[in-house]
Amino acid sequence: TWVKRGQKTLQAFLANPSEENSNTVRRLLENAVQNACYMVFGMGQQDPRSKGMSSTLSSLLVAGNMAYIAQVGDSRVYLSREGKTVQLTEDHTLVNFRLKLGLITPEEAASAPGKNVITRAVGHQDYVEVDTLELDVKPGDRFMLCSDGLHGYLEDGEVDSWMQGDRETVVQELIGMANDRGGRDNITTVVVDVE
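Residues numbered from 1 in each chain as written. Predicted model: local features only at pLDDT ≥ 70, side-chain atom pairs only at ≥ 80, totals over all residues. Heavy atoms only, no water.

## A closer look at the pattern of salt bridges
Pairs may arise between side chains of opposite charge once their charged atoms sit close together. What counts here: The working definition used for a salt bridge is a side-chain nitrogen of Lys or Arg within 4 Å of a carboxyl oxygen of Asp or Glu. Secondary structure elements follow DSSP: runs of H or I of four or more residues count as helices, runs of E of two or more count as strands, with numbering from the N terminus. Three labels apply to residues, based on accessible area from a 1.4 Å probe with only protein chains included: buried if under 20% of the type maximum, exposed if over 50%, partly exposed otherwise in between.
For the coordinates displayed, the defined rule picks out twelve salt bridges. Put simply, Arg120 and Asp131 hold a salt bridge, and the shortest N to O gap is 2.9 Å. With a gap of eleven residues between them, Arg120 in the loop between helix H5 (106–111) and strand E5 (131–136) and Asp131 in strand E5 connect regions that are remote in the sequence. Residue Arg120 is classed as buried on the basis of its relative accessible area of 18%. Several salt bridges share partner residues, and in doing so they unite Arg26, Glu30 and Glu134 into one network.

This is the structure we're talking about:
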């Protein structure tokens, strides 16, 4: 809803894709996440049964030749371009934080306890630090947004092979793979193609 209210911002960018207008689009997406954070936190304050609720959030907005990403938590956004897939977002988890500080090795991180302890979430407090990213897009690019219930079952080096084929088939196969490998968490994925 917040982004829909920003249609004038998007139209201004599409008419004039200047750096200033691009920054305004990025801020629009970041503000949408902040608004969601404030609303979820407020609902928890109003209803004791909802106190402490929070969520991860990965969002993608494609406008013209640009993609804008806003990220909080341990859901992810991937980009597949010309057969090569890369993770665009960073997991906001305790394990990843310890890895970045050099307190554990990548090998230790793979089996470290508390992999699902997130360090940032929408609604945990009334404000959250949001990672934003903007990048040029090309026809043929494919984005995948997914929860940890999916990416937690992906093995190193196999993402490229899962991202090939019809978009709807890819989604169904990825969800099936996660379920076949355990399916212990919610499994959410969205695949978006740039035409």
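What follows continues from the structure just given.
## Some thoughts on the side chain of Asp148
We count it as follows: Positive charge is attributed to Lys and Arg, negative charge to Asp and Glu, and no charge count is given to His or to the chain ends. Whether two residues are in contact is decided by their heavy atoms, any of which lying within 4.5 Å being enough.
Considering the arrangement of structural elements, one finds Asp148 in helix H6 (residues 148–151). Buried charge without a partner: Asp148 forms no salt bridge, and the closest opposite charge is Arg76, 8.9 Å away. Discounting chain neighbours no more than four positions away, the residues touching Asp148 are Asp74, Asn116 and Asp185.

## Description of the sheet that holds strand E1 (residues 57–63)
Within a sheet, adjacent strands bond to each other through the backbone by hydrogen bonds, running parallel or antiparallel. Stated formally: At least two bridges found by DSSP between two strands is the condition for calling them paired. In this description, a line fitted to the C-alpha atoms serves as the axis of each element, helices being fitted only across the stretch in contact, and the angle between N-to-C directions of two axes falls anywhere from 0 to 180 degrees.
One open sheet accounts for three strands, arranged E1-E2-E5; its pairing is antiparallel. Both edges of this open sheet fall to E1 and E5, since each of them pairs with a single strand only. Sheet twist, expressed as the average angle between the axes of neighbouring strands with direction ignored, equals 15 degrees. Relative to strand E2 (residues 66–72), E1 runs antiparallel, the two sharing seven bridges. Paired with Val62 across the two strands is Ala67, which belongs to E2. Those strands touched by helix H2 (residues 7–15) are E1 and E2, and its axis lies near 45 degrees from that of E1. Across the sheet, helix H3 (residues 19–46) lies against E1, E2 and E5, angled at about 30 degrees from E2, the strand it touches most.

## Examining H3
Structural remark: α-helix, 3.6 residues per turn; residues separated by three or four positions point the same way. Keep this limit in mind: The span expected for a helix works out to 1.5 Å for each residue beyond the first.
Taking 1.5 Å per residue as the helical rise, H3 with its 28 residues ought to reach 40 Å, and the 40 Å between its terminal C-alpha atoms agrees with that figure. Taken residue by residue, H3 has Asn21, Ser22, Val25, Leu28, Leu29, Ala32, Val33, Gln34, Cys37 and Gly44 as its buried positions.

## Section: the environment of Val194
Tracing the backbone through its elements, the reader meets Val194 in the segment after strand E7 (189–193). Accessibility expressed as a relative area gives 13% for Val194, which makes it buried. Spatially, the C-alpha atom of Val194 lies 25 Å from that of Met177, the residues being 17 residues apart in sequence. Contacts of Val194, omitting those with residues within four sequence positions, involve Val137, Lys138, Pro139, Gly140, Asp141 and Phe143.

## Observations concerning the pairing of strand E4 (residues 84–87)
Sheet topology places strand E3 (residues 76–81) next to E4; four bridges connect them, and they run antiparallel. Across the sheet, the residue bridging to Tyr78 is Gln87, located in E4. As consecutive antiparallel partners, E3 and E4 are separated by two residues, and within that stretch Glu82 has a phi angle of approximately 55 degrees, a positive value.

## Some words on the packing of aromatic side chains
Our working rule: Only rings of Phe, Tyr and Trp enter the pairing, Trp through its six-membered ring, and a pair is recorded when the two centres are within 6.5 Å. The plane angle decides the type: under 30 degrees is stacked, over 60 is edge-to-face, the rest tilted.
Evaluated as defined, the whole model comprises one aromatic pair. Geometrically, the ring pair formed by Phe13 and Tyr68 is edge-to-face, given 6.0 Å between the ring centres and 85 degrees between the ring planes. Of the two residues, Phe13 is situated in helix H2 and Tyr68 in strand E2; the sequence distance between them amounts to 55 residues. Neither Phe13 nor Tyr68 differs from the other in exposure class; each is buried.

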